[in-house]
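Chain and residue survey
These are the residues of each chain, in order.
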Amino acid sequence: MIVTTNGSTNSSFWGELLSTVAIEKGSRSVVIDGFTRDSRPIIELGFPTFTSGFHPYDSKGRLDVIDYKVPIECGRVKVHNGDLVFAYFDGIVVIPQAHREEVFEKALQKVEAENKMREELKKGMGIIEAHKKYDAL
Ligand SMILES: O=C([O-])CC(=O)C(=O)O
Ligand SMILES: [Mg+2]
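Reading the values: the criteria
Residues numbered from 1 in each chain as written. Chains lettered and ligands numbered in written order. Predicted model: local features only at pLDDT ≥ 70, side-chain atom pairs only at ≥ 80, totals over all residues. Heavy atoms only, no water. UniProt positions renumbered as here; feature names shortened; annotations may be inferred. Helix = DSSP H or I, 4+ residues; strand = E, 2+ residues; numbered from the N terminus. Buried < 20%, exposed > 50% of the residue type's maximum accessible area, 1.4 Å probe, protein only. Contact = heavy atoms within 4.5 Å. Domains from an automatic or database assignment. Polar contact = N/O pair within 3.5 Å; in protein donor to acceptor, adjacent residues only side chain to side chain.

A word on the UniProt feature "binding site: substrate" (unreviewed entry) in the protein. Per the UniProt record, "binding site: substrate" (unreviewed entry) is found at Gly15, Glu16, Leu17, Leu18 and Arg37. A compact arrangement is adopted by the annotated residues: their sequence extent is 23 residues, whereas the largest C-alpha distance between any two is 10.6 Å. In this fold, Gly15 is placed in the loop between strand E1 (2–4) and helix H1 (16–24). For Gly15, a relative accessible area of 6% puts it in the buried group. Sequence-distant contacts of Gly15, that is, excluding residues within four places in its chain, are made with Thr36, Arg37, Asp38 and Ile42. With respect to the secondary-structure elements, Arg37 resides in the loop between strand E2 (30–36) and helix H2 (39–45).

So, in structure tokens, the structure goes:
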């Protein structure tokens, strides 16, 4: 699930209860260009929640869902229904549906090169030589 609160800073959009229902409905994660609250219980639920910040206020009377499955701008990136979204500690990447195959193939090549490079580094190869050999970055 990927969401924008269109720049609202008056309250959180997300919380523990929404995480609970999201899990029950089969969602695996949420990315929000907006705020959450209830961080500790969300961490305890184990629901990966990526937000642009935190706010103690609830959303009642402050935020409303106005649409879904429509193109949005999230963190200055256009996102369409069906795009692939990868979120991790380091950041979030949106892959347009039309480029899924190509990006997947290239990402797998990169992972393969990094795996080989890591093995060589463990065996003592220097970082400069390893970069020259695997060009993994
Ligand atoms: O602020 C909200 O509406 C969200 C919230 O606390 C929750 O889902 O538990
Ligand atoms: Mg709550």
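Structure shown, so let's carry the discussion forward.
On to the domain arrangement of the protein. As assigned here, the protein comprises domain 1 (2–95) and domain 2 (101–134). Computed over C-alpha atoms only, the centres of domain 1 and domain 2 are separated by 33 Å.

Once that is clear, we can look at the UniProt feature "binding site: Mg(2+)" (unreviewed entry) in the protein. Taken from the UniProt record, the annotation "binding site: Mg(2+)" (unreviewed entry) applies to Asp38. Relative to the helices and strands, Asp38 is located in the loop between E2 and H2. Overall, Asp38 belongs to the partly exposed group, its relative accessible area being 28%. With residues near it in sequence (within four places) discarded, Asp38 still touches Gly15 and Glu16. A distance of 2.8 Å separates a polar atom in the side chain of Asp38 from the backbone nitrogen of Glu16.

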